[in-house]
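# Examination of the molecular architecture
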Amino acid sequence: MERPVPDEEAQEQRLDGKAPDPEDFANYFCTYAYLYHQKEMLEDHKRTGAYYQAIMSNRRQFQGKVVLDVGTGSGILSIFAAKAGAKKVYAVEATDMANHARKLVAHNKLDGVVEVLQGTIETIELPEKVDIIISEWMGYFLLRESMLDSVIVARDKFLKPGGALYPSHAAMYMVPIRTHMTAQRVTEFQGSMESWAEFLHEMQDYYQVDLDVLSDNFRKEQREYYLHTGQWTDVHPQQMLGSPCCFKKYDLHKVTLAELQAPLVEEFSMHVADGGPVEALCGYFDVSFRGSDENPADNDVKLTTSPDPTGATHWGQQVFYVHPALDCAPGDKLKAKFTMTRKKENHRLLQIRMGVKVEGPSIYAEQNATPRELHYNIE
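Residues numbered from 1 in each chain as written. Predicted model: local features only at pLDDT ≥ 70, side-chain atom pairs only at ≥ 80, totals over all residues. Heavy atoms only, no water.

### Digging into the sheet that holds strand E3 (residues 114–118)
The criterion, for reference: Paired strands are those between which DSSP finds at least two bridges. Segments assigned H or I by DSSP are reported as helices when at least four residues long, segments assigned E as strands when at least two residues long, and all are numbered from the N terminus. Between N-to-C directions, angles span 0 to 180 degrees; the directions come from axes that are lines fitted to C-alpha atoms, helices contributing only their stretch in contact.
Across the sheet, five strands lie side by side as E3-E2-E1-E4-E5; this open sheet has parallel pairing. Looking along the sheet, the strands with just one partner apiece sit at the ends: E3 and strand E5 (159–166). Within this sheet the neighbouring strands show an average axis-to-axis angle of 20°, counted without direction. Strand direction decides the pairing type here: strand E4 (residues 130–135) and E5, joined by four bridges, are parallel. Bridging across to E5, Val 130 finds its partner in Leu 159.

Structure below.
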């Protein structure tokens, strides 16, 4: 059954700023206009609980303050801020979810504090500067969706000098892992090609049309999907072959829009304490709620998406399959040259290129002196 489409004409009449670009709405914003998607995020209690703790355990920072919630969705973070004693909360939402947020705020008798504004943050105007910006902007592997751009726009446009962002800092990690999923994906890729071969025979037999000229294109397409696309995975810590490497940190009070939009280029090493084979690389992130230098949090809170024996957040981890696997001895390390860019056809999706080689005293380092070139899409 098709999900109902929000009433666009009615939505336009309620806008406080401009609606998202139609293509960007279709590619990104539309999903957030549905309650089922909001529910999936809200019931991730590691996520929602971390925001609740970060706000409610720092009531002194929110008491009597003006707060801006960027991408409020259901309005839950704005409600937390109001309950923590904020004087005024501007809850900005680009989609028709703003109507549900208004209803929820009013039902909880907080409409005297929380004002829901519909429109993109880039086009919304506020009557005053704010003391705090809260936002849940993180995507897969931190930067998928590029919503941090909007938070930085809001920071530069609305945050008072010395004001605080919640979260205030972010970090990205990579760790080599063992996983049976790499072999499974290879098997699925081979199965797809076998199905294609059967399809060619059927088209020839039924319709006397030879489609074999498309085989190379199909193989490339399927290889990209099965072997070169990052996959959401719930990784167990016992799969990790060494300690995670933090290869990028962001101070959200200082990072610029230009930095975010430029390619992310880093060189780092991942230690393989247990030896290989390295069948995949696991990427994840964490964010910290520390307030600002001028207005630090009383209680620092961290939200992590690291491998956890109790289960993953809704972000999971992004796993990048390595086929064939990289052999390593205990104590070797993987030296990586990492580049991540936004896709030209959709800036909210990402592409990764890595040159990876084994370093250390083992024979595997000698055999892998030339970097293995890897590439992945984060869809």
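### So, the environment of Gly 291
How we decide: Burial classes follow relative accessibility: with a 1.4 Å probe on protein chains only, a residue under 20% of its type's maximum area counts as buried, one over 50% as exposed, and anything between as partly exposed. Contacts between residues were defined by any pair of non-hydrogen atoms, one from each residue, lying within 4.5 Å.
Within the fold, Gly 291 resides in strand E10 (residues 278–291). The exposure class assigned to Gly 291 is buried, which follows from its relative accessible area of 3%. Setting aside its immediate chain neighbours within four residues, Gly 291 contacts Ala 164, Leu 165, Tyr 166, Ser 168, His 253, Pro 296 and Ala 297.

### Side note on the packing of aromatic side chains
Applicable threshold: Two aromatic rings, drawn from Phe, Tyr or Trp (for Trp, its six-membered ring), form a pair once their centres lie within 6.5 Å of each other, and the interplanar angle then sorts them: stacked below 30 degrees, edge-to-face above 60, tilted otherwise.
For the coordinates displayed, the defined rule picks out 16 aromatic pairs. Ring geometry for Phe 141 against Phe 247: centres 6.2 Å apart, planes inclined by 45°, an arrangement best described as tilted. Taken together, the residues span a long stretch of sequence, with Phe 141 in the loop between E4 and helix H8 (148–158) and Phe 247 in strand E8 (residues 245–251) at a distance of 106 residues. Of the two residues, Phe 141 and Phe 247, neither departs from the other in class, the shared state being buried.

### Focus on the pattern of salt bridges
Counted only if it meets this: A pair is scored as a salt bridge if a Lys or Arg side-chain nitrogen falls within 4 Å of a carboxyl oxygen belonging to Asp or Glu.
What the rule picks out here adds up to 17 salt bridges. Here Lys 160 makes a salt bridge to Asp 131, at a shortest N to O gap of 3.1 Å. Remark: Asp 131 occurs in strand E4 and Lys 160 occurs in strand E5; sequence separation between them is 29 residues. With a relative accessible area of 31%, Lys 160 lands in the partly exposed category. The partner of Glu 359 in a salt bridge is Lys 357, and the shortest N-O contact between them spans 4.0 Å. Accessibility expressed as a relative area gives 23% for Glu 359, which makes it partly exposed.

### A few points about the state of the cysteines
Quick reminder of the rule: The criterion for a disulfide is a pair of cysteine sulfur atoms lying within 2.5 Å.
Counted according to the given criterion, the structure contains zero disulfides. Lacking any disulfide linkage, Cys 246 is separated from the closest cysteine sulfur, that of Cys 245, by 7.0 Å. Just so you know, Cys 328 is unpaired, no disulfide at all, and the nearest cysteine sulfur is the one on Cys 245, 14 Å from it.

### What to know about the environment of Gly 163
Its place among the elements puts Gly 163 in strand E5. Considered as a pair, Gly 163 and Gly 291 are 128 residues apart in the sequence and their alpha carbons are 8.1 Å apart. Non-local contacts of Gly 163, meaning those with residues more than four positions away in its chain, are made with Asp 131, His 253 and Ser 292.

### Quick notes on unusual backbone geometry
Between Gly 276 and Pro 277 the backbone carries a cis peptide bond, its omega angle lying at 5°. Mapping Pro 277 onto the fold places it in the loop between strand E9 (264–272) and E10. Between His 323 and Pro 324 the backbone carries a cis peptide bond, its omega angle lying at -5°. By the secondary structure assignment, Pro 324 is in strand E12 (residues 317–326). For Leu 142, which is not glycine, the phi dihedral falls at a positive 75°. Along the polypeptide, Leu 142 turns up in the loop between E4 and H8.

### Re the pairing of strand E1 (residues 66–70)
Going by this rule: With the strands aimed away from the viewer, a crossover counts as right-handed if its path from the first strand over the helix to the second runs clockwise.
Where burial is concerned, most of E1 is hidden: five out of the five residues are buried. Judged from the five bridges that link them, E1 and strand E2 (residues 88–93) form a sheet pairing that is parallel. Bridged to Val 66 within E2 is Lys 88. In the classification by handedness, the crossover that spans E1, the intervening helix H6 (residues 76–83) and the parallel E2 is right-handed. Bridge count between E1 and E4: four bridges; the pairing is parallel.

### Thoughts on the confidence of the model for the protein chain
So the rule is basically this: On a range of 0 to 100, pLDDT expresses the predictor's confidence in each residue.
With 92% of its residues at a pLDDT of 70 or more, the protein chain has an overall mean of 92. This model gives residues 1–13 a pLDDT under 50, and the stretch forms 13 contacts once residues within four places in sequence are excluded.

### Looking at the pairing of E10
Burial runs high along E10: 12 of the 14 residues are buried. Pairing between strand E6 (residues 169–177) and E10: nine bridges, direction antiparallel. Paired with Ile 177 across the bridge in E10 is Ala 280. In terms of strand pairing, E10 meets E12 through five bridges, oriented antiparallel. Within E12, the residue paired with Val 278 across the bridge is Leu 326.

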